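Coordinates in review
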Amino acid sequence: MKNIIIKSGREKSLLRRHPWVFSGAIKNINAADSGDIVKIVTEDGRFLATAAFSAASQIAARVLSFDERVVIDEAFYRQRIVSAISRRSHLAAQSNAYRLVHGESDGLPGVVADLYGDVVVLQLSTAGVEPQRLLLANLLIEATGARTVYERSDADVRKLEGLEERNGLVIGEPLTGSIQIVEGGMTIEVDIVNGHKTGFYLDQRDNRVLTAAIAKDKDVLNCFCYSATMSTSAMLGGAKSVVSIDSSAPALVSGRHIAALNNIDPNKMEWVEADVFAHLRKLRDQGRSFDLIILDPPKLAPTIHHVEKASRAYKDINLLGFKLLRPDGMLMTYSCSGGVSVDLFQKIVAGAALDAGVEAQITRRLSAGTDHPVSIHFPEGEYLKGLLLTKMA
């Protein structure tokens, strides 16, 4: 096994069990190639971790184990997958769709696997796991009994790893159309091939349940609605009215279809194809107001280099949200940007409330569901963060 030598003093994060090694911390690589399993050692030869190497990335190595005795082989990957799935076994009674493997937090950096009925969607985001593609697919079939593993390795982050995007069948039966999943009492149709992320926003499961619980008799505004499952949740929870806004016409068509699947007349809901930022201003100028507003924009800051611009955008939409909110109304606001921390997001929203001239209280902190755990040593894994706020009268 090839060694990577860490510069003196740069091993502190590894000693705290953070799984990333940045290229600037490396003194010597010893001719490792992307995908190689490497041993990370100090300048005096002390073992720190075993990792997968990515030659093109600023994150040059991602730790697989901090235990020198662990061998990275088929048995290792099998154990990690089986353990990850076992920790989520309680979710099978709630839904037939949930995350099986969540990257670093499950000890498999660069690996995401989501279950949709009898199909597993695999997403590989780093060069370090590329050589394990077929092995991982077969192990997922073995562990779940799924009929298909379909790959959605088409995220932009692969470019940072020197990898091309990939979208297609890995093993099993070809996909023929959309897949219906069940989440609590809601039926959802998922387009695995063309949908966002791995086909759907599984991470918002708990927040859809919360939306249904608080929407009764409320006028609801759902912004960046995508396939409008939050809107359908609100209607199922007894909302008085729901307005859904998205810039994508196909997403709105999907939203109408999902509403109908759940015995809701989509014609009794308002659907708006528009730029959300512009339309919020239009609603403000029209004097519209709502009891519950949902702000769930796409990833605005994928890295820390985008944070300043993203912060302005988050503040803008939250300021408009507060202005459109009735007294005692509730704002559900989210950020899925990895570059925006929980603390920074709260500061941005607090600044928006201040500029809007309103008082607000945090009723509840929001996050991804339990199938998207966050390693205590890897705070970057908490990419989805949100606040449920009440506008004080």
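Residues numbered from 1 in each chain as written. Predicted model: local features only at pLDDT ≥ 70, side-chain atom pairs only at ≥ 80, totals over all residues. Heavy atoms only, no water.

Burial within strand E6 (residues 59-65) is extensive, with seven of its seven residues counted as buried. Where strand E2 (residues 20-22) and E6 come together, three bridges link them in antiparallel fashion. Within E6, the residue paired with Trp20 across the bridge is Arg62. Across four bridges, the pairing between strand E5 (residues 47-53) and E6 is antiparallel. (Buried < 20%, exposed > 50% of the residue type's maximum accessible area, 1.4 Å probe, protein only. Helix = DSSP H or I, 4+ residues; strand = E, 2+ residues; numbered from the N terminus. Pairing = 2+ DSSP bridges.)

Turning next to the pattern of salt bridges. A full pass over the atoms with the stated rule returns 29 salt bridges. Between Arg99 and Asp114 there is a salt bridge, with its nearest N and O atoms 2.6 Å apart. Remark: Asp114 occurs in strand E8 (residues 111-116) and Arg99 occurs in strand E7 (residues 97-102); sequence separation between them is 15 residues. With respect to class, Arg99 is no different from Asp114; both count as buried. Between Asp316 and Arg281 there is a salt bridge, with its nearest N and O atoms 2.5 Å apart. Here the residue Asp316 occupies a position in helix H8 (residues 307-324), and Arg281 occupies one in helix H7 (residues 276-286), the gap between them amounting to 35 residues. For Arg281, a relative accessible area of 30% puts it in the partly exposed group. Counted as one network, the salt bridges with shared partners bring together Glu130, Arg133, Glu151, Arg158 and Arg166. (Salt bridge = Lys/Arg side-chain N within 4 Å of Asp/Glu carboxyl O.)

All right, on to the sheet that holds E7 then. The mixed open sheet is built from five strands, whose spatial order is E7-E8-E9-E10-E11. Only two strands of the sheet have a single partner each, and these edge strands are E7 and strand E11 (166-172). Strand-to-strand twist across the sheet, computed as the mean angle between neighbouring axes with direction ignored, equals 20°. As paired elements, strand E10 (residues 148-153) and E11 share six bridges and run antiparallel to each other. Considered in E11, the bridge of Glu151 is made with Gly168. Running at roughly 50° to E11, helix H3 (residues 133-144) makes contact with E7, E8, strand E9 (119-124), E10 and E11 of the sheet. (Axes fitted to C-alpha atoms, helices over the stretch in contact; angles between N-to-C directions. Contact = heavy atoms within 4.5 Å.)

Within the element layout of this structure, Lys218 appears in the loop between helix H4 (205-214) and strand E14 (219-223). At 2.9 Å, the side chain of Lys218 forms a polar contact with the backbone oxygen of Ile214. Beyond its immediate chain neighbours, meaning those up to four positions away, Lys218 contacts Ala239, Lys240, Ser241, Asp291, Leu292 and Met330. (Polar contact = N/O pair within 3.5 Å; in protein donor to acceptor, adjacent residues only side chain to side chain.)

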